[in-house]
Amino acid sequence: MAAAGSSWLVFGFSTEEAAGEPGPGLGPRRLEPGPGGIRRVWPAWSYVVVETGAGLELRSAGRRQRLRGWREALPSETHVVLRGAAAARAWRRGAGLRSAAWSRFLPRGPAPRPLPLLPGGFALPRPPFYRALPAGLRARSLALGTEHVLLLGTGGDVHAWGGGRHGQLGHGTLESEAQPRLVEALAGVPMAAVAAGGWHSASVSEAGDLYMWGWNESGQLALPCKALAEERAQGEEAGAGAAALSPCPEPPEAEATTFISIQALPALLDLPQEPEVSGVSCGSRHTAAVTRGGELYTWGWGKYGQLGHGDDASSDCPRRVEHLVAQGLWAEAVVCGPWTTYVCVREPPDPPSSTADCSEDPAAGTCLGPTLPSAPQDQTCSDSVPPEPNSEPQVGLQLHEG
Amino acid sequence: MAAPVGAEAPAAGPGALWAEVRALLPGTEGEFTLALSGEVDPCVRPLLRRARGLLYGAEGPAGGEAAALRRLGHVLRDYSWEKLNAGPWQEVSKAWRQVYTYGCLFGALAEISAGCPPVSAVRLCDMGLLMGASVLDNVLGRLVRVLQQHLPRERRGAAGLAAEKARPEPRPAPAVRPEEELPRLRCPSLESFRDKHLIPQKPVVLEGIMDHWPCMRKWSVDYICQVAGCRTVPVELGSRYTDEEWSQKLMTVDDFIGQYIVNEKSMGYLAQHQLFDQIPELKEDISIPDYCCLGEGEEEHITINAWFGPEGTISPLHQDPQQNFLAQVFGRKYIRLYSPQDSENLYPHESQILHNTSQVDVENPDLVKFPNFRKAAFQSCVLMPGQVLFIPVKYWHYVRSLDVSFSVSFWWS
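The paragraphs below set out a description of the structure included in this document. (Residues numbered from 1 in each chain as written. Chains lettered and ligands numbered in written order. Predicted model: local features only at pLDDT ≥ 70, side-chain atom pairs only at ≥ 80, totals over all residues. Heavy atoms only, no water.)

## Considering the overall build of chain A
Under the convention used in this document: Only DSSP runs of H or I covering at least 4 residues are called helices, and only runs of E covering at least 2 are called strands; the numbering of each starts at the N terminus. Each residue is assigned to one of three classes by its accessible area relative to the maximum for its type, calculated with a 1.4 Å probe on protein chains only: buried under 20%, partly exposed between the two thresholds, exposed over 50%. In what follows, residue pairs with any heavy atoms lying within 4.5 Å of each other are defined as contacts. Values of accessible area rely on a 1.4 Å probe in the Shrake-Rupley scheme; residue burial ignores everything except the protein chains shown.
On a plain count of helices and strands, chain A comes out with 3 helices and 27 strands. When burial is assessed residue by residue, chain A has 55% of its 402 residues classed as buried. Considering only intrachain contacts with a sequence separation of at least 6, the fraction spanning at least 24 residues in chain A is 53%. Here chain A has roughly 17,100 Å² of accessible surface; of this, 53% comes from carbon and sulfur atoms.

Quick look at the structure:
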């Protein structure tokens, strides 16, 4: 979890713009820390749930709601699922109802796996809110895309199922799968993390290699994207500046380029200088990765500034986010919302060295991992119902206690 | 409707255009209901309301408000685009398509109020017509008609003129043996067609049906370019839809004609597109064959598709779930038909997406891989301008164009 000295930056579409208000512009924004800093974030499109030292908080344009007693969130634009010590519950967004749309009691036990995983299955931020998993499948983590699901097993194996029309399952076809199916192409390479975007997938191996598959319509797989190449060509013809175009540092020869629209099998990705990847996250149509050297790379759809380069260009090759380098910030973890990128940063340990061992400082730690904050005092099943947001956004802070 | 030759140009200046456009919208904000055919995510309606509010300000969106309206258009289109792609097209809710249409409307209005050339607004209207669903009494269709009148009058580009040059020697048609040839009938009666072809499900070439269709005397590549040149349409790129490199791309009719009809640097086909819903002016040049009244469905449910492409376009052997009248307007097409009873000899693809398509290349079959194909009996024809081919339900058909060709298909039940 984020230690003192860490903070979160966010790039991309703001919660203000999601409410129809003017946005703060393309630059990075620092998340207001709240009490005890921000440990984890769960972004939706128009709001984000953050975990502070005082518990969960729901932040949307101009307002904040305390979510007392809850520990984890799984947000969507239609519902928010919250998980506490003894129950998981879902509420409708934007409706006047005060009762939960769904509720499930959870057995007490050892440190639970992170949402969306639940005992025996996983949660969804929309009806039916819960799906069982086959008994034999031992899951370490699970990621939800728009139409598909990725599961990382305790043995480092990856399963994928759901809609497959865009190759996002990685089984080599465009067929959908009703049940979890092993991604054979990755068998034999133990994986450490998986991430799912709108229609694309990513996994990081224990060794720090990044694999991607699925839809490449905006270059989100870091494979040559025809639409982007054509935009670049038109931009050159018109003599326009590179404002909306983002060519790769070493463009491939024009004749040799095979454009890829759908990659139905996992492909190994090469980042510049081939660093080891420590974390990856996927938005609707973009991807962000953090390296063991504390750098942040992004690629894919960039129209709302979510790639963090200070412009609205999309890119089909990974670009380092220079703002962090310029500010001397070390990227620890990254979490993508649909059109946003949240990165946890801190000052580098001194002296900075390429083999810095972050674990020397016991107070430091990565923002990844399933460790939970110390439980708040309030653990009863009558955990508070978050008040329903009003239909009009309210200016200023509103701290609601259920 | 495009301005007729010799007509006065519409009143000049962006102010006049904005006034005409503004007249297409409801008079007051209260009458602009933002109705949707179903539920959408709660974040959407506030954005729609804000965009509507910008429109009904004192002088319409001016200056900074046009920028805000444009931005809202982008957000609405991008948000709903993700919903449009979130499952099979048939399952996409009409409400999300309507949101996309509103996004196109607000974007087009922002372009116009900012004084941008009408082509950018036309493109946005077309995106909404192609992927959205009608709102405000087909406001996008009404808007694009107004915009087309304000486009520069000079529409004959190099593409149009070059297309008029005839091919020195029309490509010879493949031989059709008499025993394979499809029968031809001239204007059969409804009963005769029903009893001899529709009920027994036997294909036939009908002649004389199209004689009075205006398209037979009006349509040419150049005419299509004049009426629809600035409109955006989906084009299929690649030799055939079963190929790996096959893809679809949106482009204007001008670009399509320039790149794929005149120059033919690679294969492009404006195929299976409901062009006549998008461009009602062209619909007035065709008619629905009378024999469609023998079907059970309503006339509104008849799907009319345009098929416009260079010589050499190929539709691989496949079957469709409805009856089909394929009307040939200009150019010739070589067509082969196989009965559904021969389906086993035609080796349909296993995958769900291509299950209606044969794996066999009809004019160059791999008889080692597909030995039973030689057992399949077929009929064929060279479909000439003015002829209409009746393709019964699920009848396998293979089509290759022998010239620059324009066909219109009618799918009915």
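Further notes follow.
## Observations regarding the sheet that holds strand 4 (residues 47-52) of chain A
All names here are of chain A. The condition that has to hold: Between any two strands, pairing holds if DSSP finds at least two bridges. Axes here refer to lines fitted to C-alpha atoms; in helices the fit is confined to the stretch in contact. Angles between the N-to-C directions go from 0 to 180 degrees.
With antiparallel pairing, the 4 strands of this open sheet are ordered in space as 3-4-5-6. Each end of this open sheet is capped by a strand with a single partner; those strands are strand 3 (38-43) and strand 6 (63-67). Shown here is a sheet whose adjacent strand axes are inclined to one another by a mean of 25°, direction ignored. As judged from the 5 bridges shared by strand 3 and strand 4, these two strands associate in the antiparallel manner. Directly across from Val41, in strand 4, lies its bridge partner Val50.

## A short note on the state of the cysteines
All names here are of chain B. Let me state the cut-off plainly: Note on disulfides: each one is a pair of cysteine sulfur atoms within 2.5 Å.
Overall, the coordinates contain 0 disulfides over all chains when judged by the stated rule. Here Cys43 is not disulfide-linked; the sulfur of Cys104 is the nearest cysteine sulfur, at 18 Å. Judged by relative accessible area, which is 8%, Cys43 ranks as buried. Here Cys292 stays unpaired: no disulfide links it, and the sulfur of Cys293, its closest cysteine neighbor, is 8.1 Å away.

## Quick notes on the interface of chain B and chain A
Interface size is commonly expressed as the accessible area that is lost once the parts come together. Quick note on the threshold: The quantity reported as buried area is the accessible area (1.4 Å probe) lost by two parts once they are put together, taken as the sum for both. The term salt bridge refers to a pairing of a side-chain nitrogen on Lys or Arg with a carboxyl oxygen on Asp or Glu at a separation within 4 Å. Amino acids are sorted into nonpolar (Ala, Val, Leu, Ile, Met, Phe, Trp, Tyr, Cys and Pro), charged (Asp, Glu, Lys and Arg) and polar (every other residue, Gly among them).
Facing the 23 residues of chain B at the interface are 30 residues of chain A. Both sides of the chain B and chain A interface together cover about 2,100 Å² of buried area, and 54% of this is carbon and sulfur. For the pair chain B and chain A, the interface holds 4 salt bridges. Between B:Glu39 and A:Arg92 there is a salt bridge, with the nearest N and O atoms lying 3.9 Å from each other. Where the side of chain B that touches chain A is concerned, the elements lending two or more residues are helix 2 (44-55) and helix 3 (64-84) of chain B. At 8 residues, the largest contribution of residues to the side of chain B that touches chain A is made by helix 3 of chain B. Considered class by class, the residues forming the side of chain B that touches chain A number 10 nonpolar, 5 polar and 8 charged.

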